[in-house]
Amino acid sequence: MLSAQERAQVAQVWDLIAGHEAPFGAELLLRLFTVYPSTKTYFKHLGDRPDEVQLLSHGQRVLEAVGVAVRHMDNLRAALSPLADLHAHVLRVDPTNFPLLIQCFQVVLASHLQGEFTVEMQVVWDKFLTGLAVVLTEKYH
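Remember, predicted model here, so these are calculated numbers, not experimental data.

Caption draft 1: How the structure looks around the nonpolar core. Counting residues in each nonpolar core, the largest one holds 41 residues, and the members touching the most others are Ile 17, Leu 63, Phe 105, Leu 109, Trp 125 and Phe 128. Among the elements of the structure, α1 (4–17), α2 (21–35), α3 (52–71), α4 (76–90), α5 (97–113) and α6 (119–137) are those that each provide at least two residues to this core. Considering every element that reaches this core, the biggest residue donor is α6, with nine residues. In contact with Leu 109, not counting residues within four places along its chain, are Val 13, Ile 17, Phe 24, Gln 114, Phe 117 and Trp 125.

Here it is as structure tokens:
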């Protein structure tokens, strides 16, 4: 899926995010819910107007899952199998929502990392996150 250089670039960006999963994740969710309000359907436990604590908590869980993927880039299927089962069989998330999440995450990365999130980094992260989404949706078939 990713070359050695691309894996290094993913890890380089992740090193900038690590330790900031909660605020990055909260901003990701807030952006997702604002730009794509229909995605709130899958977060009913957060209510109609999630507060900061809820966004920080769930945002951290979302980005911790991305962190697992970063640490297990060479074996995403095994590492993300429980999460794929959860999204496909329990939460029944429509797979068309994953590209929306990816887009919002890239906007958050670009807004915070600015010059460090170069066009080349965006290409690599898009490839990585798309691969992650493919693994999460394989259980739907």
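Let's pick the thread back up.
Caption draft 2: Here's a closer look at the packing of α3 against α4. Between α3 and α4, whose axes approach to 8 Å, the crossing angle comes to 160°. When the interaxial angle is binned, α3 and α4 end up roughly antiparallel. The hand of the α3/α4 crossing is right-handed. Every residue of α4 that contacts α3 at Ala 65, Val 68 and Ala 69 is listed here: Leu 76, Ala 79, Leu 80 and Leu 83. Among the residues forming the contact of α3 with α4, the class breakdown is seven nonpolar, no polar and no charged.

Caption draft 3: Looking closely at the pattern of salt bridges. In this structure the tally under the stated criterion is five salt bridges. Of the charged contacts, one joins Arg 31 and Glu 27 as a salt bridge, the two residues approaching to 3.7 Å between their closest N and O atoms. On the criterion of helical spacing, the pair formed by Arg 31 and Glu 27 is a turn pair, its members being four residues apart in helix α2. Between Arg 77 and Glu 138 there is a salt bridge, with the nearest N and O atoms lying 2.7 Å from each other. Residue Arg 77 is located in helix α4, and its partner Glu 138 is located in the segment after α6; the two are separated by 61 residues in the primary sequence. On the accessibility criterion, Arg 77 (52% relative accessible area) is exposed. Its relative accessible area of 31% is what places Glu 138 among the partly exposed residues.

Caption draft 4: Molecular detail of the side chain of Thr 137. Tracing the sequence through the fold places Thr 137 in helix α6. For Thr 137, a relative accessible area of 15% corresponds to the buried category. Engagement of the side chain of Thr 137 in a polar contact is seen with the backbone oxygen of Val 134, the distance being 3.1 Å. Discounting residues that sit within four places of it in the chain, Thr 137 has contacts with Pro 95 and Phe 98.

The rules we used
Residues numbered from 1 in each chain as written. Predicted model: local features only at pLDDT ≥ 70, side-chain atom pairs only at ≥ 80, totals over all residues. Heavy atoms only, no water. Core = buried A, V, L, I, M, F, W, Y, C linked by side-chain atoms within 4.5 Å. Buried < 20%, exposed > 50% of the residue type's maximum accessible area, 1.4 Å probe, protein only. Helix = DSSP H or I, 4+ residues; strand = E, 2+ residues; numbered from the N terminus. Contact = heavy atoms within 4.5 Å. Axes fitted to C-alpha atoms, helices over the stretch in contact; angles between N-to-C directions. Parallel < 35°, antiparallel > 145°, perpendicular 65-115°, else oblique. Left-handed = near helix turned anticlockwise from the far one by under 90°. Nonpolar A, V, L, I, M, F, W, Y, C, P; charged D, E, K, R; others polar. Salt bridge = Lys/Arg side-chain N within 4 Å of Asp/Glu carboxyl O. Polar contact = N/O pair within 3.5 Å; in protein donor to acceptor, adjacent residues only side chain to side chain.

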